Amino acid sequence: MTDIKSMDLSQMTAYFQALGQPAFRARQVFQWLHRGARSFEEMSNLPKALRERLGAECLFAPPTVERKQVSALDGTVKYLWRLHDGNCIETVLMRYKHGNTVCISSQVGCRMGCAFCASTLAGRVRDLTAAEMVDQVLFTQLDSGAPISNIVLMGIGEPLDNWDNVMRFLTLINHPEGMNIGMQHISLSTCGLVEKIDKLAALRLQLTLSVSLHAPDDETRSRIMPVNRGVGVERLFESCRRYFEQTGRRISYEYAMIDGVNDHDWQADLLSRHLKGTPGHVNLIPLNEVKESPLRPSRRVAAFQKRLESQGVTVTVRRKLGGDIDASCGQLRRKQMLEAHKPN
Ligand code: SAH
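Throughout this description, residue numbers start from 1 for each chain and increase along the sequence as written. The predicted origin of the model limits local features to residues at a pLDDT of at least 70 and limits the giving and counting of side-chain atom pairs to 80 or more, whereas totals for whole chains, interfaces and linings rest on all residues. To obtain the side-chain values, all non-hydrogen atoms of the structure were used and water was disregarded.

I tried to follow the overall build of the protein chain on my own but got confused; where do I start?
Starting at the N terminus, helices and strands are each numbered in turn, a helix being any DSSP run of H or I of at least four residues and a strand any DSSP run of E of at least two. Looking only at helices and strands, the protein chain has 11 helices and 12 strands in total. It is over C-alpha atoms that the radius of gyration is taken, and the globule rule equals 2.2 Å times the number of residues to the power 0.38. Compactness check: the protein chain gives a C-alpha radius of gyration of 21 Å against a globular reference of 20 Å for 344 residues, within 12% of the reference. Referenced to the eigenvectors of the C-alpha coordinate spread, the extents of the protein chain come out at roughly 70 × 55 × 40 Å. We call a residue buried when its accessible area falls under 20% of the maximum for its residue type, exposed when it is over 50%, and partly exposed in between, using a 1.4 Å probe and counting protein chains only. The buried share among the 344 residues of the protein chain stands at 55%.

And the structure:
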């Protein structure tokens with residue numbers, strides 16, 4: 001089956017030409033798809049025979065809402081979508097004063113193995129297609145009625161471990177005939193795949209790169225993030241420095257505060273030494289507890305923040321949204337999986 005919705009306009013044009021159709025059909029179908037059509041049948045400006053042919057040849061199955069939870073605290077909405085093959089993924093809609101942001105997933109599960117993260121507990125099932133990433137943005141907007149202005153690739157999965165599909169997604173979501181969301185309104189978060197960071201730097205996209213650092217020393221980082229083993233923090237910071245030099249974009253470093261693991265004063269000092277000379281921004285995140293993990297939230301967030309600030313580092317503490325609806329990373333999908341497997 002042809003994954004027509006993952007095609008960019010030039011690929012779609014070539015596809016319609018191969019079908020013996022005029023080039024303008026590509027633009028028509030592209031617009032229908034990216035405005036949220038749910039079937040070829042409703043594409044009323046296409047000849048009926050063409051609609052039938054597309055229906056027979058193309059994979060086109062928008063996700064359905066499996067669960068939806070709305071936070072009573074702050075209006076955050078969490079969607080659990082069911083994909084055409086039965087897999088489920090999460091998307092979170094966050095409402096800020098400066099606009100509505102969606103946090104989307106890039107894979108079904110994850111194979112990075114971070115010790116604190118619920119998304120990786122059962123490994124990676126498969127990559128998401130570009131269309132499946134677009135659909136999270138599009139159908140969140142259509143279902144909620146909230147116009148989306150910002151996207152963060154911070155949901156389930158490691159976006160740089162799904163390079164081709166994520167790059168295609170960026171092209172599609174950025175397209176003037178599509179959702180037309182500018183690169184400056186997109187953030188991509190990575191656990192630190194250094195070669196991919198270098199590859200991304202060379203593209204000089206104007207998106208914001210977030211690096212999930214979580215520890216400034218190899219011993220701790222390798223313990224909680226297997227991706228660090230054999231690579232090391234030094235090499236990661238080299239890539240980050242090059243990324244800044246090539247793109248002129250400041251990196252934001254995510255740092256989930258874990259009790260007794262990464263919240264010592266010496267780690268704040270080491271972190272600020274690493275950041276000397278490269279503008280960056282540290283985002284301290286109160287750890288969300290994951291039932292299966294022994295790691296607990298730090299009680300030293302304010303002290304750690306102060307210590308970094310006293311050394312000239314810019315720090316923010318992430319405001320927690322959706323605390324009442326399992327809104328953090330992988331938790332809703334996990335809950336669904338566990339319930340589905342419960343003996344009756
Ligand atoms: N794979 C990418 C994006 C998905 S994770 C990455 O690693 O960046 C999104 C962010 O949530 C990452 O910074 C991740 O480290 C963080 N995170 C995962 N589990 C968490 C938890 N239990 N508490 C706080 N942050 C968590």
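I would appreciate a short explanation of the site of the ligand in the present structure.
Near the ligand lie 18 residues; those nearest to it are Phe116, Ser189, Ser212, His214 and Asn288. N or O atoms closer than or at 3.5 Å make up a polar contact, with two conditions inside protein: a donor-capable atom paired with an acceptor-capable one, and, for residues adjacent in sequence, both atoms drawn from side chains. Within the contact set of the ligand, an oxygen atom lies 2.5 Å away from a side-chain nitrogen or oxygen of His214. Using the Shrake-Rupley algorithm and a 1.4 Å probe, accessible areas are obtained, with residue cover drawn only from the displayed protein chains. When the free accessible area of the ligand is taken as 530 Å², the share hidden by the protein chains comes to 93%. Residue assignment for the shell around the ligand shows that the elements contributing at least two residues are strand S8 (186-190) and strand S10 (251-257). Each residue is tested against the molecule or strand, and it is near if at least one of its non-hydrogen atoms lies within 4 Å.

Which parts of the structure should I look at to understand the packing of aromatic side chains?
The relative placement of two aromatic rings is captured by the distance of their centres and the angle of their planes. The pairing test for Phe, Tyr and Trp rings, Trp by its six-membered ring, is centres within 6.5 Å, and the orientation test on the planes gives stacked under 30 degrees, edge-to-face over 60, and tilted for anything in between. Overall, the coordinates contain 5 aromatic pairs when judged by the stated rule. When the ring of Tyr15 is compared with that of Phe16, the centres are 5.5 Å apart and the planes differ by 75 degrees; the resulting orientation is edge-to-face. Comparing Tyr15 with Phe16, the two get one shared label, buried. Only Lys NZ and Arg CZ are tested; either one counts as a charge over a ring when it is within 6 Å of the ring centre and within 35 degrees of the ring normal. Its guanidinium or amino end placed over the ring of Phe139, Arg38 lies 4.5 Å from that ring's centre, counting from NZ or CZ.

Would you take a moment to explain the nonpolar core for this structure?
Most often, soluble globular proteins have nonpolar side chains that are buried together. Judged by nonpolar contacts, the single largest core of 96 residues is most densely connected at Ile4, Phe16, Leu54, Val137 and Phe169. Here the bounds of each domain stem from an automatic or database domain assignment. Shared between two domains, this core holds at least three residues of each, these being domain 1 (4-57) and domain 2 (64-340). Only buried residues count toward a nonpolar core, which is a set of Ala, Val, Leu, Ile, Met, Phe, Trp, Tyr and Cys residues joined through side-chain atoms within 4.5 Å.

Even after reading the chapter, I still don't get the domain arrangement of the protein chain, so can you show me in this structure?
Interfaces are often sized by the amount of accessible area the parts lose when they come together. Domains assigned within the protein chain are domain 1 (4-57) and domain 2 (64-340). Measuring from the centre of the C-alpha atoms in domain 1 to the corresponding centre in domain 2 gives 34 Å. Throughout, a contact is declared for two residues whenever any of their heavy atoms are within 4.5 Å. Taken together, the contact between domain 1 and domain 2 spans 15 residues of the former and 15 residues of the latter. Two parts placed together each lose some accessible area under a 1.4 Å probe, and adding up what both lose gives the buried area. Buried area between domain 1 and domain 2, both sides added, is near 1,200 Å², and the carbon and sulfur share of it is 57%. Ranking the residues of domain 1 by area buried against domain 2 places Lys5, Ser6 and His34 at the top, with a combined share of 44%. Any carboxyl oxygen of Asp or Glu that lies within 4 Å of a side-chain nitrogen of Lys or Arg is treated as forming a salt bridge with it. Across the contact surface, domain 1 and domain 2 share 2 salt bridges. A salt bridge links Lys5 to Asp135, with the shortest nitrogen-to-oxygen separation between them at 2.5 Å. Linking domain 1 to domain 2 there are 5 residue pairs in polar contact (both at pLDDT 80 or more). Broken down by secondary-structure element, the contributors of at least two residues to the side of domain 1 that touches domain 2 are helix H1 (9-18) and helix H2 (24-34).

Would you mind showing me how to read H1 here?
Helical periodicity: at 3.6 residues per turn, an α-helix aligns residues three or four positions apart in one direction. What H1 keeps buried is the set Leu9, Met12, Tyr15 and Phe16. Axial view of H1: buried residues confined to an arc of 115 degrees, hence all on one face. In H1, those exposed residues whose orientation departs by more than 90 degrees from the buried face are Ser10 and Ala18. Lining the buried residues of H1 we find H2 and helix H3 (48-57). Where H1 ends, the next residue or the one after it, Gly20, has phi of about 75 degrees, a positive value. Here the arc refers to the directions that run from the helix axis out to each C-beta atom.

How should the pairing of strand S1 (residues 64-70) be read in this particular structure?
If a strand is regular, its side chains alternate between the two faces of the sheet. Pairing between S1 and strand S2 (residues 77-82): 6 bridges, direction antiparallel. Bridging from a neighbouring strand, Arg67 pairs with Leu80 of S2. Paired strands, in this sense, are two strands between which DSSP finds at least two bridges. The antiparallel pairing of S1 with S2 creates a hairpin that spans 6 residues between the two strands, and Gly75 there sits at a positive phi of about 80 degrees.

Even after reading the chapter, I still don't get the sheet that holds strand S9 (residues 208-212), so can you show me in this structure?
Sheet strands associate in pairs through backbone hydrogen bonding, adopting either a parallel or an antiparallel arrangement. Read from one edge to the other, the open sheet built from 10 strands follows the order S1-S2-S3-S4-S7-S8-S9-S10-S11-S12, with strand pairing classed as mixed. The outermost strands of the open sheet, each flanked by one partner alone, are S1 and strand S12 (314-317). Between one strand and the next, the sheet's axes are offset by a mean angle of 25 degrees, whatever the strand orientation. Against the sheet, helix H8 (residues 233-247) engages S9 and S10, with an angle of about 145 degrees to S10. Note on method: axes are straight lines fitted to C-alpha atoms, helices fitted across the in-contact stretch only, with angles between N-to-C directions ranging 0 to 180 degrees.

Explain the packing of helix H4 (residues 130-144) against helix H5 (residues 163-174) here, please?
Axis separation between H4 and H5 bottoms out at 8 Å; the angle between their running directions is 45 degrees. Considering their axes alone, H4 and H5 lie oblique with respect to each other. Two packed elements cross with a definite hand, and for H4 against H5 that hand is right-handed. From H4, Ala130, Met133, Val134 and Val137 reach across to H5, where they touch Asn165, Val166, Arg168, Phe169, Leu172 and Ile173. All residues other than Ala, Val, Leu, Ile, Met, Phe, Trp, Tyr, Cys, Pro, Asp, Glu, Lys and Arg, Gly among them, are scored as polar; the first ten of these are nonpolar and the last four charged. Residue composition of the contact of H4 with H5, by class: 8 nonpolar, 1 polar and 1 charged. By the definition adopted for this analysis, an angle is roughly parallel if under 35 degrees, roughly antiparallel if over 145, roughly perpendicular if from 65 to 115, and oblique otherwise. Should the near helix be turned anticlockwise from the far one by less than a right angle, the crossing is left-handed, and should it be turned clockwise, the crossing is right-handed.

Help me understand the pattern of salt bridges in this model?
Pairs can form between side chains of opposite charge once their charged atoms are near each other. Within the structure shown, the criterion is met by 21 salt bridges. Its salt-bridge partner being Glu41, residue Arg51 comes within 3.4 Å of it at the nearest N-O pair. Separated by 10 residues along the polypeptide, Arg51 in helix H3 and Glu41 in the loop between H2 and H3 bring together distant segments of the chain. In this structure Glu41 comes out as partly exposed when scored by relative accessible area, which is 47%. Between Arg307 and Asp269 there is a salt bridge whose closest N-O contact spans 2.8 Å. Separated by 38 residues along the polypeptide, Arg307 in helix H10 (residues 301-309) and Asp269 in helix H9 (residues 265-275) bring together distant segments of the chain. Classification of Asp269 as buried rests on a relative accessible area of 17%. Overlapping salt bridges, with partners in common, bring together Asp265, Asp269, Arg300 and Arg307 in one network.

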